[in-house]
Amino acid sequence: MGVTVLQQFPIVENRTGPLTIDVLTKRISALGAIQQGQFLVDCETYTSVPQLGNQRTVHVLHNSEQPATVFSILETGTKTIPLATDGLFDLLMMKMNSFYTSKKLTKAESKGPRFEIGDFLVKLGSVTVSQNFKGVLVEVEYKPCVVPAMCWELMREFLQGFLGSSVQSSPPSYLQNRMQEIYTPIDTIHQYLEQFTMYRKTPGMRA
Amino acid sequence: MDRDLEQLHTALNSIKVLRSNVGQVFETVSSGLRADHGEEGKENKFMLELQELLTTVNNNLRDVETSVSSLTPPPGPFNLANTTYLSQETTQERQALYGQLVNSYKWTDKIREYSTLAGNILATNSVNKTYKTFSTTKRRKTQTSNHNVAPDVIENLITGIDRLFPDVTITAPRPFAPNPIIQASLGRVLKAIIAFKGLMIEWVVVKAHSESNDLWTESRYKVFRKVTENCHAAMCHFHSPTMPELAVRSFMHWFHSYNTLFSSPCKRCANHLHNNLPPTWRDLRTLEPYHEECK
Ligand SMILES: [Zn+2]
(Lines give C-alpha, C1' and ligand atoms only; values in the text may rest on other atoms or scores of the structure.)
Protein backbone atom coordinates (compact mmCIF):
# COMPACT_ATOMS: atom_id res chain seq x y z
CA MET A 1 0.00 0.00 0.00
CA GLY A 2 1.48 3.30 -1.10
CA VAL A 3 0.56 6.96 -1.07
CA THR A 4 -2.72 7.57 -2.90
CA VAL A 5 -4.07 10.78 -4.35
CA LEU A 6 -7.73 11.16 -5.23
CA GLN A 7 -8.97 13.98 -7.38
CA GLN A 8 -11.94 15.02 -9.47
CA PHE A 9 -11.65 15.21 -13.20
CA PRO A 10 -13.83 17.98 -14.59
CA ILE A 11 -16.47 16.89 -17.10
CA VAL A 12 -16.29 18.95 -20.25
CA GLU A 13 -19.53 20.41 -21.60
CA ASN A 14 -21.42 17.93 -23.83
CA ARG A 15 -19.27 15.01 -22.75
CA THR A 16 -20.93 12.17 -20.83
CA GLY A 17 -19.41 10.21 -17.96
CA PRO A 18 -18.63 7.04 -19.97
CA LEU A 19 -17.12 9.16 -22.72
CA THR A 20 -14.87 10.95 -20.22
CA ILE A 21 -13.71 7.61 -18.79
CA ASP A 22 -13.09 6.47 -22.36
CA VAL A 23 -10.90 9.50 -23.13
CA LEU A 24 -8.87 8.98 -19.95
CA THR A 25 -8.56 5.24 -20.66
CA LYS A 26 -7.10 6.02 -24.08
CA ARG A 27 -4.65 8.51 -22.60
CA ILE A 28 -3.37 6.22 -19.87
CA SER A 29 -3.16 3.24 -22.24
CA ALA A 30 -1.09 5.33 -24.65
CA LEU A 31 1.39 5.83 -21.79
CA GLY A 32 1.76 2.05 -21.48
CA ALA A 33 -0.76 1.22 -18.76
CA ILE A 34 -2.34 -2.22 -18.71
CA GLN A 35 -5.85 -2.74 -17.43
CA GLN A 36 -6.05 -5.07 -14.44
CA GLY A 37 -9.72 -5.58 -13.73
CA GLN A 38 -12.25 -3.24 -12.19
CA PHE A 39 -12.56 -1.51 -8.86
CA LEU A 40 -15.35 -0.32 -6.60
CA VAL A 41 -15.51 1.94 -3.58
CA ASP A 42 -18.89 2.45 -1.94
CA CYS A 43 -20.19 4.41 0.99
CA GLU A 44 -23.36 4.26 2.99
CA THR A 45 -24.18 6.74 5.71
CA TYR A 46 -26.20 6.06 8.87
CA THR A 47 -27.48 8.53 11.43
CA SER A 48 -28.42 7.86 15.03
CA VAL A 49 -32.07 8.05 16.09
CA PRO A 50 -33.10 11.07 18.28
CA GLN A 51 -33.51 8.85 21.39
CA LEU A 52 -29.72 8.41 21.48
CA GLY A 53 -29.19 12.09 22.25
CA ASN A 54 -26.63 14.05 20.25
CA GLN A 55 -26.86 13.03 16.62
CA ARG A 56 -23.99 10.85 15.46
CA THR A 57 -23.18 9.78 11.93
CA VAL A 58 -21.54 6.54 10.81
CA HIS A 59 -20.14 6.24 7.31
CA VAL A 60 -19.56 2.63 6.22
CA LEU A 61 -17.23 2.16 3.25
CA HIS A 62 -15.89 -0.77 1.23
CA ASN A 63 -12.88 -0.72 -1.06
CA SER A 64 -12.33 -3.59 -3.53
CA GLU A 65 -8.58 -3.14 -2.98
CA GLN A 66 -9.09 -4.42 0.60
CA PRO A 67 -11.98 -6.83 -0.02
CA ALA A 68 -11.99 -8.43 3.43
CA THR A 69 -12.19 -5.15 5.32
CA VAL A 70 -15.11 -2.90 6.20
CA PHE A 71 -14.11 0.68 6.96
CA SER A 72 -16.26 2.92 9.08
CA ILE A 73 -15.93 6.49 10.21
CA LEU A 74 -17.93 7.72 13.18
CA GLU A 75 -18.61 11.42 13.49
CA THR A 76 -19.76 12.45 16.94
CA GLY A 77 -19.80 16.14 16.23
CA THR A 78 -16.62 16.77 18.16
CA LYS A 79 -14.54 13.79 17.11
CA THR A 80 -14.01 11.62 14.06
CA ILE A 81 -13.22 7.98 14.82
CA PRO A 82 -12.05 5.70 12.02
CA LEU A 83 -12.37 1.93 12.31
CA ALA A 84 -11.22 -0.98 10.17
CA THR A 85 -13.02 -4.29 10.80
CA ASP A 86 -13.82 -7.51 9.00
CA GLY A 87 -16.96 -8.27 7.00
CA LEU A 88 -19.10 -8.95 10.08
CA PHE A 89 -19.39 -5.24 10.68
CA ASP A 90 -21.98 -5.04 7.89
CA LEU A 91 -24.18 -7.52 9.76
CA LEU A 92 -23.69 -5.60 12.97
CA MET A 93 -24.95 -2.44 11.30
CA MET A 94 -28.06 -4.35 10.16
CA LYS A 95 -28.71 -5.46 13.75
CA MET A 96 -28.45 -1.86 14.89
CA ASN A 97 -30.99 -0.47 12.45
CA SER A 98 -33.25 0.60 15.29
CA PHE A 99 -30.52 2.94 16.54
CA TYR A 100 -28.76 3.89 13.33
CA THR A 101 -30.88 4.38 10.23
CA SER A 102 -29.47 4.34 6.75
CA LYS A 103 -29.89 7.38 4.55
CA LYS A 104 -30.67 5.25 1.50
CA LEU A 105 -30.79 8.17 -0.91
CA THR A 106 -27.17 9.04 -0.23
CA LYS A 107 -25.53 5.72 -1.08
CA ALA A 108 -22.49 6.72 -3.07
CA GLU A 109 -20.07 4.70 -5.12
CA SER A 110 -17.18 5.12 -7.50
CA LYS A 111 -16.42 2.32 -9.92
CA GLY A 112 -14.60 1.72 -13.16
CA PRO A 113 -11.44 0.29 -14.72
CA ARG A 114 -8.19 -0.24 -12.80
CA PHE A 115 -4.79 0.10 -14.47
CA GLU A 116 -1.19 -0.72 -13.64
CA ILE A 117 1.64 1.31 -15.08
CA GLY A 118 5.13 0.89 -13.66
CA ASP A 119 4.79 1.14 -9.89
CA PHE A 120 1.62 3.23 -10.24
CA LEU A 121 -1.95 2.07 -9.84
CA VAL A 122 -4.57 4.18 -11.64
CA LYS A 123 -8.33 3.91 -11.13
CA LEU A 124 -10.87 5.79 -13.20
CA GLY A 125 -14.16 5.89 -11.33
CA SER A 126 -17.53 7.21 -12.35
CA VAL A 127 -19.32 8.45 -9.26
CA THR A 128 -22.98 7.88 -8.61
CA VAL A 129 -25.02 8.99 -5.63
CA SER A 130 -28.15 6.86 -5.29
CA GLN A 131 -27.77 5.77 -8.92
CA ASN A 132 -27.42 9.34 -10.27
CA PHE A 133 -24.20 10.09 -12.13
CA LYS A 134 -22.23 12.86 -10.43
CA GLY A 135 -18.77 13.00 -11.94
CA VAL A 136 -15.42 11.31 -12.45
CA LEU A 137 -12.85 10.57 -9.72
CA VAL A 138 -9.26 9.66 -10.60
CA GLU A 139 -7.28 7.69 -8.00
CA VAL A 140 -3.53 7.32 -8.37
CA GLU A 141 -1.43 5.21 -6.01
CA TYR A 142 2.36 5.15 -6.02
CA LYS A 143 2.96 1.77 -4.44
CA PRO A 144 6.63 1.86 -3.32
CA CYS A 145 6.37 5.05 -1.21
CA VAL A 146 4.50 5.41 2.09
CA VAL A 147 5.23 9.02 3.10
CA PRO A 148 3.20 11.64 1.17
CA ALA A 149 5.74 14.42 1.65
CA MET A 150 8.44 12.38 -0.08
CA CYS A 151 6.55 11.61 -3.26
CA TRP A 152 3.93 14.34 -3.71
CA GLU A 153 5.95 16.21 -6.36
CA LEU A 154 6.60 12.98 -8.22
CA MET A 155 2.92 12.04 -8.13
CA ARG A 156 1.88 15.51 -9.28
CA GLU A 157 4.17 15.12 -12.27
CA PHE A 158 2.57 11.77 -13.04
CA LEU A 159 -0.97 13.14 -12.68
CA GLN A 160 -0.18 16.08 -14.92
CA GLY A 161 1.18 13.65 -17.47
CA PHE A 162 -2.29 12.35 -18.25
CA LEU A 163 -4.79 14.72 -16.64
CA GLY A 164 -3.17 17.92 -17.87
CA SER A 165 -3.92 21.26 -16.27
CA SER A 166 -6.76 20.01 -14.07
CA VAL A 167 -4.19 18.85 -11.49
CA GLN A 168 -3.92 21.09 -8.45
CA SER A 169 -0.53 22.28 -7.28
CA SER A 170 -1.21 21.35 -3.67
CA PRO A 171 -2.06 17.90 -2.26
CA PRO A 172 -5.69 16.98 -1.45
CA SER A 173 -6.83 18.83 1.67
CA TYR A 174 -7.08 15.64 3.71
CA LEU A 175 -3.42 14.83 3.04
CA GLN A 176 -2.11 18.30 3.73
CA ASN A 177 -2.08 17.79 7.51
CA ARG A 178 -0.59 14.32 7.21
CA MET A 179 2.26 14.78 4.79
CA GLN A 180 4.88 13.34 7.15
CA GLU A 181 2.83 10.39 8.36
CA ILE A 182 2.91 6.82 7.12
CA TYR A 183 0.10 6.32 4.64
CA THR A 184 -2.46 3.55 5.35
CA PRO A 185 -5.62 2.26 3.60
CA ILE A 186 -7.90 4.27 5.90
CA ASP A 187 -6.36 7.46 4.46
CA THR A 188 -7.72 6.52 1.05
CA ILE A 189 -11.12 5.95 2.65
CA HIS A 190 -11.01 9.43 4.19
CA GLN A 191 -10.27 10.94 0.81
CA TYR A 192 -13.20 9.11 -0.79
CA LEU A 193 -15.53 10.20 2.00
CA GLU A 194 -14.42 13.79 1.52
CA GLN A 195 -15.20 13.57 -2.20
CA PHE A 196 -18.50 11.70 -1.75
CA THR A 197 -19.67 14.31 0.76
CA MET A 198 -18.99 17.02 -1.82
CA TYR A 199 -20.80 15.11 -4.59
CA ARG A 200 -23.83 14.51 -2.39
CA LYS A 201 -24.28 18.27 -2.13
CA THR A 202 -24.02 18.94 -5.86
CA PRO A 203 -26.95 18.46 -8.26
CA GLY A 204 -26.89 15.38 -10.54
CA MET A 205 -25.38 15.32 -13.99
CA ARG A 206 -26.35 13.75 -17.26
CA ALA A 207 -24.84 10.26 -17.28
CA MET B 1 34.60 -56.29 -15.15
CA ASP B 2 35.74 -55.57 -18.71
CA ARG B 3 35.13 -59.16 -19.71
CA ASP B 4 31.63 -58.97 -18.22
CA LEU B 5 30.90 -55.92 -20.27
CA GLU B 6 32.17 -57.53 -23.45
CA GLN B 7 29.96 -60.54 -22.88
CA LEU B 8 26.99 -58.29 -22.28
CA HIS B 9 27.71 -56.58 -25.57
CA THR B 10 27.87 -59.90 -27.43
CA ALA B 11 24.62 -61.01 -25.86
CA LEU B 12 22.88 -57.76 -26.78
CA ASN B 13 24.26 -57.99 -30.26
CA SER B 14 23.02 -61.56 -30.80
CA ILE B 15 19.56 -60.50 -29.62
CA LYS B 16 19.65 -57.71 -32.18
CA VAL B 17 20.57 -60.16 -34.96
CA LEU B 18 17.84 -62.57 -33.86
CA ARG B 19 15.20 -59.83 -33.91
CA SER B 20 16.28 -58.64 -37.31
CA ASN B 21 16.12 -62.16 -38.83
CA VAL B 22 12.76 -62.94 -37.22
CA GLY B 23 11.58 -59.73 -38.80
CA GLN B 24 12.73 -61.01 -42.16
CA VAL B 25 10.79 -64.28 -41.72
CA PHE B 26 7.60 -62.38 -41.09
CA GLU B 27 8.25 -60.11 -44.03
CA THR B 28 8.73 -63.07 -46.37
CA VAL B 29 5.60 -64.78 -45.05
CA SER B 30 3.51 -61.67 -45.39
CA SER B 31 4.54 -60.89 -48.97
CA GLY B 32 3.98 -64.53 -50.06
CA LEU B 33 4.81 -65.64 -53.62
CA ARG B 34 6.84 -63.11 -55.57
CA ALA B 35 7.59 -62.64 -59.28
CA ASP B 36 11.20 -63.75 -58.85
CA HIS B 37 10.02 -67.20 -57.78
CA GLY B 38 9.20 -67.82 -61.46
CA GLU B 39 6.32 -69.98 -62.76
CA GLU B 40 7.70 -73.49 -62.45
CA GLY B 41 7.61 -75.01 -58.95
CA LYS B 42 7.13 -71.63 -57.34
CA GLU B 43 5.58 -73.13 -54.18
CA ASN B 44 8.61 -75.31 -53.61
CA LYS B 45 10.99 -72.42 -54.09
CA PHE B 46 9.07 -70.39 -51.57
CA MET B 47 9.07 -73.23 -49.05
CA LEU B 48 12.83 -73.68 -49.44
CA GLU B 49 13.44 -69.98 -48.91
CA LEU B 50 11.32 -69.96 -45.76
CA GLN B 51 13.05 -73.06 -44.46
CA GLU B 52 16.44 -71.40 -44.94
CA LEU B 53 15.32 -68.32 -43.05
CA LEU B 54 13.92 -70.40 -40.21
CA THR B 55 17.21 -72.30 -39.93
CA THR B 56 19.04 -68.96 -39.58
CA VAL B 57 16.62 -67.91 -36.89
CA ASN B 58 17.18 -71.21 -35.13
CA ASN B 59 20.94 -70.68 -35.21
CA ASN B 60 20.55 -67.11 -33.97
CA LEU B 61 18.40 -68.32 -31.11
CA ARG B 62 21.07 -70.80 -30.14
CA ASP B 63 23.65 -68.01 -30.19
CA VAL B 64 21.48 -65.93 -27.89
CA GLU B 65 21.04 -68.81 -25.50
CA THR B 66 24.75 -69.52 -25.28
CA SER B 67 25.75 -65.88 -24.90
CA VAL B 68 23.12 -65.32 -22.23
CA SER B 69 24.11 -68.38 -20.27
CA SER B 70 27.71 -67.18 -20.16
CA LEU B 71 26.64 -63.92 -18.48
CA THR B 72 27.09 -63.67 -14.74
CA PRO B 73 24.01 -62.23 -13.04
CA PRO B 74 24.83 -59.32 -10.67
CA PRO B 75 25.06 -60.47 -7.04
CA GLY B 76 21.85 -59.43 -5.28
CA PRO B 77 19.62 -56.49 -6.23
CA PHE B 78 21.06 -53.06 -7.18
CA ASN B 79 21.26 -50.89 -4.14
CA LEU B 80 19.58 -47.55 -4.79
CA ALA B 81 18.67 -47.13 -1.13
CA ASN B 82 15.40 -45.30 -0.54
CA THR B 83 15.40 -43.70 -3.97
CA THR B 84 14.14 -47.00 -5.41
CA TYR B 85 10.75 -46.36 -3.87
CA LEU B 86 10.52 -42.93 -5.46
CA SER B 87 9.95 -44.43 -8.88
CA GLN B 88 7.05 -46.41 -7.43
CA GLU B 89 5.41 -43.42 -5.82
CA THR B 90 1.70 -43.37 -6.56
CA THR B 91 0.60 -40.04 -5.09
CA GLN B 92 0.21 -37.51 -7.84
CA GLU B 93 2.34 -34.69 -6.45
CA ARG B 94 5.33 -36.95 -5.78
CA GLN B 95 5.38 -38.78 -9.06
CA ALA B 96 7.71 -36.22 -10.59
CA LEU B 97 10.32 -36.61 -7.84
CA TYR B 98 12.25 -39.43 -9.43
CA GLY B 99 12.80 -37.50 -12.63
CA GLN B 100 13.86 -34.46 -10.63
CA LEU B 101 16.29 -36.57 -8.66
CA VAL B 102 17.90 -37.84 -11.83
CA ASN B 103 18.07 -34.31 -13.21
CA SER B 104 19.71 -32.88 -10.13
CA TYR B 105 22.20 -35.72 -10.13
CA LYS B 106 23.13 -34.84 -13.70
CA TRP B 107 23.30 -31.19 -12.71
CA THR B 108 25.71 -31.75 -9.83
CA ASP B 109 27.76 -33.97 -12.06
CA LYS B 110 27.99 -31.18 -14.62
CA ILE B 111 28.93 -28.64 -11.95
CA ARG B 112 31.75 -30.89 -10.84
CA GLU B 113 32.97 -31.17 -14.41
CA TYR B 114 32.75 -27.45 -15.13
CA SER B 115 34.32 -26.41 -11.85
CA THR B 116 37.24 -28.73 -12.48
CA LEU B 117 37.70 -27.13 -15.89
CA ALA B 118 37.33 -23.62 -14.45
CA GLY B 119 39.79 -24.50 -11.70
CA ASN B 120 42.37 -25.60 -14.24
CA ILE B 121 41.94 -22.47 -16.35
CA LEU B 122 42.13 -20.15 -13.36
CA ALA B 123 45.21 -21.90 -12.03
CA THR B 124 47.11 -21.12 -15.20
CA ASN B 125 46.02 -17.44 -15.23
CA SER B 126 46.97 -15.99 -11.88
CA VAL B 127 44.79 -13.12 -10.71
CA ASN B 128 47.01 -11.60 -8.06
CA LYS B 129 47.90 -8.49 -10.07
CA THR B 130 46.49 -6.06 -7.52
CA TYR B 131 48.23 -7.71 -4.64
CA LYS B 132 51.62 -7.56 -6.25
CA THR B 133 51.70 -3.78 -6.59
CA PHE B 134 51.11 -3.33 -2.90
CA SER B 135 52.76 -6.28 -1.33
CA THR B 136 56.32 -5.26 -2.15
CA THR B 137 57.00 -2.53 0.40
CA LYS B 138 55.65 -1.34 3.72
CA ARG B 139 52.06 -2.21 2.74
CA ARG B 140 52.71 -5.80 3.59
CA LYS B 141 51.27 -5.43 7.05
CA THR B 142 47.72 -4.81 5.76
CA GLN B 143 47.95 -7.88 3.65
CA THR B 144 45.46 -9.84 5.70
CA SER B 145 42.64 -11.89 4.30
CA ASN B 146 39.46 -9.94 3.59
CA HIS B 147 37.05 -12.77 3.62
CA ASN B 148 38.20 -14.57 6.70
CA VAL B 149 38.30 -12.08 9.54
CA ALA B 150 37.33 -12.23 13.18
CA PRO B 151 33.61 -11.55 13.73
CA ASP B 152 34.28 -8.67 16.11
CA VAL B 153 36.20 -6.79 13.42
CA ILE B 154 33.13 -6.89 11.17
CA GLU B 155 30.92 -6.03 14.11
CA ASN B 156 33.02 -2.93 14.79
CA LEU B 157 32.79 -1.90 11.16
CA ILE B 158 29.01 -2.27 11.18
CA THR B 159 28.48 -0.35 14.40
CA GLY B 160 30.81 2.31 12.99
CA ILE B 161 28.57 2.71 9.95
CA ASP B 162 25.49 2.71 12.13
CA ARG B 163 26.88 5.72 14.03
CA LEU B 164 28.03 7.48 10.87
CA PHE B 165 24.55 8.06 9.42
CA PRO B 166 21.73 8.97 11.78
CA ASP B 167 18.99 7.99 9.33
CA VAL B 168 20.47 4.60 8.53
CA THR B 169 19.36 2.00 11.06
CA ILE B 170 21.22 -1.25 10.98
CA THR B 171 19.89 -4.45 12.46
CA ALA B 172 21.64 -7.77 12.37
CA PRO B 173 19.60 -10.85 13.21
CA ARG B 174 22.78 -12.81 13.95
CA PRO B 175 25.56 -10.52 15.19
CA PHE B 176 29.15 -11.75 15.58
CA ALA B 177 28.77 -14.32 12.81
CA PRO B 178 31.72 -14.69 10.45
CA ASN B 179 29.61 -13.76 7.40
CA PRO B 180 26.78 -11.63 8.75
CA ILE B 181 23.67 -10.50 6.90
CA ILE B 182 22.44 -7.09 7.97
CA GLN B 183 19.36 -5.00 7.25
CA ALA B 184 20.06 -1.34 6.65
CA SER B 185 16.93 0.81 6.81
CA LEU B 186 17.28 4.12 5.06
CA GLY B 187 14.81 6.42 6.74
CA ARG B 188 11.30 5.57 5.62
CA VAL B 189 12.39 5.24 2.00
CA LEU B 190 13.72 1.71 1.66
CA LYS B 191 15.74 -1.02 3.26
CA ALA B 192 18.69 -3.01 2.00
CA ILE B 193 19.60 -6.53 2.96
CA ILE B 194 23.39 -6.75 2.78
CA ALA B 195 25.37 -9.97 2.96
CA PHE B 196 28.99 -9.75 4.02
CA LYS B 197 31.75 -12.14 3.15
CA GLY B 198 34.25 -11.20 5.80
CA LEU B 199 34.88 -7.50 5.23
CA MET B 200 33.55 -7.56 1.69
CA ILE B 201 30.01 -6.84 0.61
CA GLU B 202 28.92 -9.88 -1.25
CA TRP B 203 25.27 -9.23 -2.09
CA VAL B 204 22.73 -6.47 -1.75
CA VAL B 205 18.96 -6.54 -2.19
CA VAL B 206 16.88 -3.38 -1.91
CA LYS B 207 13.20 -3.62 -0.95
CA ALA B 208 10.29 -1.73 0.52
CA HIS B 209 9.95 -1.74 4.31
CA SER B 210 6.82 -3.85 4.01
CA GLU B 211 8.60 -6.64 2.14
CA SER B 212 10.33 -9.71 3.55
CA ASN B 213 13.93 -9.69 4.74
CA ASP B 214 15.10 -12.66 2.78
CA LEU B 215 18.06 -12.31 0.52
CA TRP B 216 16.80 -14.27 -2.43
CA THR B 217 13.51 -12.77 -3.53
CA GLU B 218 13.68 -9.46 -5.31
CA SER B 219 11.36 -6.56 -4.59
CA ARG B 220 7.94 -6.53 -6.24
CA TYR B 221 8.43 -2.83 -7.05
CA LYS B 222 10.23 -1.82 -10.23
CA VAL B 223 11.95 1.12 -8.58
CA PHE B 224 13.61 -1.04 -5.91
CA ARG B 225 14.64 -3.66 -8.45
CA LYS B 226 16.37 -0.89 -10.39
CA VAL B 227 18.09 0.40 -7.24
CA THR B 228 19.20 -3.16 -6.42
CA GLU B 229 20.82 -3.40 -9.85
CA ASN B 230 22.61 -0.11 -9.32
CA CYS B 231 23.75 -1.20 -5.86
CA HIS B 232 25.43 -4.20 -7.46
CA ALA B 233 27.26 -1.91 -9.85
CA ALA B 234 28.37 0.34 -6.99
CA MET B 235 29.37 -2.63 -4.85
CA CYS B 236 31.78 -3.68 -7.60
CA HIS B 237 32.95 -0.13 -8.16
CA PHE B 238 33.86 0.51 -4.53
CA HIS B 239 35.32 -2.93 -3.98
CA SER B 240 38.95 -2.77 -2.93
CA PRO B 241 40.87 -5.83 -1.84
CA THR B 242 43.51 -3.80 -0.03
CA MET B 243 41.25 -1.39 1.84
CA PRO B 244 38.10 -3.38 2.51
CA GLU B 245 36.82 -1.21 5.36
CA LEU B 246 37.06 1.91 3.26
CA ALA B 247 35.23 0.12 0.46
CA VAL B 248 32.31 -0.72 2.74
CA ARG B 249 32.23 2.83 4.11
CA SER B 250 32.30 4.38 0.63
CA PHE B 251 29.51 2.09 -0.46
CA MET B 252 27.38 3.00 2.54
CA HIS B 253 28.05 6.69 1.95
CA TRP B 254 26.83 6.30 -1.63
CA PHE B 255 23.88 4.16 -0.54
CA HIS B 256 22.86 6.84 1.95
CA SER B 257 22.19 9.25 -0.92
CA TYR B 258 19.07 7.24 -1.77
CA ASN B 259 17.25 8.91 1.11
CA THR B 260 15.98 11.32 -1.53
CA LEU B 261 14.97 8.58 -3.95
CA PHE B 262 11.38 9.80 -4.30
CA SER B 263 11.84 13.47 -3.55
CA SER B 264 14.68 14.77 -5.70
CA PRO B 265 14.37 15.36 -9.44
CA CYS B 266 16.94 14.27 -12.01
CA LYS B 267 20.01 16.47 -12.20
CA ARG B 268 19.99 16.48 -15.97
CA CYS B 269 16.38 16.60 -17.19
CA ALA B 270 14.98 18.19 -13.99
CA ASN B 271 11.97 15.87 -14.09
CA HIS B 272 10.90 13.45 -11.41
CA LEU B 273 9.78 10.70 -13.72
CA HIS B 274 11.23 8.99 -16.73
CA ASN B 275 9.56 5.76 -17.87
CA ASN B 276 7.45 6.08 -14.72
CA LEU B 277 10.54 5.73 -12.54
CA PRO B 278 12.20 8.34 -10.32
CA PRO B 279 15.95 8.96 -10.72
CA THR B 280 17.31 5.58 -9.62
CA TRP B 281 20.99 6.27 -10.23
CA ARG B 282 23.31 8.21 -7.92
CA ASP B 283 26.60 9.49 -9.27
CA LEU B 284 29.42 7.53 -7.64
CA ARG B 285 31.44 10.66 -6.86
CA THR B 286 29.02 13.57 -6.56
CA LEU B 287 26.05 11.44 -5.34
CA GLU B 288 23.73 13.49 -7.56
CA PRO B 289 20.50 11.84 -8.74
CA TYR B 290 20.05 10.82 -12.37
CA HIS B 291 17.62 8.74 -14.36
CA GLU B 292 19.20 5.70 -15.82
CA GLU B 293 18.76 7.21 -19.30
CA CYS B 294 20.17 10.59 -18.20
CA LYS B 295 23.40 9.61 -16.45
ZN1 LIG C 1 16.52 12.54 -16.13
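Residues numbered from 1 in each chain as written. Chains lettered and ligands numbered in written order. Predicted model: local features only at pLDDT ≥ 70, side-chain atom pairs only at ≥ 80, totals over all residues. Heavy atoms only, no water.

Looking at an unreviewed UniProt entry, one finds chain B named Mediator of RNA polymerase II transcription subunit 27, with Ignelater luminosus as its source organism. Entered under Subcellular location (unreviewed entry) in the UniProt record, the comment concerning chain B runs "Nucleus". The record held by UniProt for chain B lists under Sequence similarities (unreviewed entry) the comment "Belongs to the Mediator complex subunit 27 family." (UniProt positions renumbered as here; feature names shortened; annotations may be inferred.)

Per an unreviewed UniProt entry, chain A carries the name Mediator of RNA polymerase II transcription subunit 20 and comes from Ignelater luminosus. UniProt's Sequence similarities (unreviewed entry) comment on chain A is quoted here verbatim: "Belongs to the Mediator complex subunit 20 family." Taken verbatim from the UniProt record of chain A, the Subcellular location (unreviewed entry) comment is "Nucleus".

Draft legend 1. Summary view of the packing of aromatic side chains. Scanning the entire structure with this criterion turns up eleven aromatic pairs over all chains. Relative to F224(B), the ring of Y221(B) has its centre 6.1 Å away and its plane inclined at 75°; by these criteria the two rings are edge-to-face. Both residues of the pair, Y221(B) and F224(B), belong to the buried class. A connected cluster of aromatic rings, assembled from ring pairs, spans F120(A), Y142(A), F158(A), F162(A), Y221(B), F224(B) and F262(B). Cation over ring: K295(B) sits above W281(B), and NZ or CZ is 4.3 Å from the ring centre. (Phe/Tyr/Trp six-rings, centres within 6.5 Å; stacked < 30°, edge-to-face > 60°. Buried < 20%, exposed > 50% of the residue type's maximum accessible area, 1.4 Å probe, protein only. Lys NZ or Arg CZ within 6 Å of the ring centre and 35° of its normal.)

Draft legend 2. Structural view of the coordination of the zinc ion. Residues and elements named next belong to chain B. Surrounding the zinc ion are the protein donor atoms C266 (SG), C269 (SG), H291 (ND1) and C294 (SG), which sit 2.1 to 2.3 Å from the metal. What the four donor atoms of the zinc ion show is an angle range of 97 to 118° at the metal, which sorts the shape as tetrahedral. Spacing between the donor residues of the zinc ion along their common chain follows C-x2-C-x21-H-x2-C. Taken together, the residues C269 in the loop between α8 (244–256) and β5 (281–282) and C294 in the segment after β6 (289–290) connect sequence positions 25 residues apart. (Donors = N, O, S within 2.8 Å, 3.2 Å for Na, K, Ca; no water. Tetrahedral: all angles 85-135°; square planar, octahedral: opposite > 155°, others 65-115°. Helix = DSSP H or I, 4+ residues; strand = E, 2+ residues; numbered from the N terminus.)

Draft legend 3. Local environment of the pattern of salt bridges. A full pass over the atoms with the stated rule returns 16 salt bridges over all chains. The shortest N-O distance in the salt bridge between E49(B) and R34(B) comes to 3.3 Å. Of this pair, E49(B) sits in helix α2 (residues 42–69) while R34(B) is found in the loop between α1 (2–31) and α2, placing the two residues 15 residues apart along the sequence. Via salt bridges that share partners, E65(A), R114(A), E116(A), K123(A) and E139(A) belong to a single interconnected network. (Salt bridge = Lys/Arg side-chain N within 4 Å of Asp/Glu carboxyl O.)

Draft legend 4. Highlighting the side chain of Q191(A). Of note, Q191(A) is situated in helix α5 (residues 185–201). What makes Q191(A) buried here is its relative accessible area of 3%.

Draft legend 5. Just unusual backbone geometry, in detail. Residue and element names in this part refer to chain B. Of note, N275 is a non-glycine position whose phi angle comes to about 55°, a positive value. Within the secondary structure, N275 is located in the loop between α8 and β5. For N275, a relative accessible area of 56% puts it in the exposed group. In this structure, N276 is a non-glycine residue whose phi angle is positive, near 60°. Assessed through its relative accessible area of 18%, N276 is described here as buried.

Draft legend 6. Representation of the environment of P82(A). Here P82(A) is to be found in strand β5 (residues 80–86). On the accessibility criterion, P82(A) (40% relative accessible area) is partly exposed.

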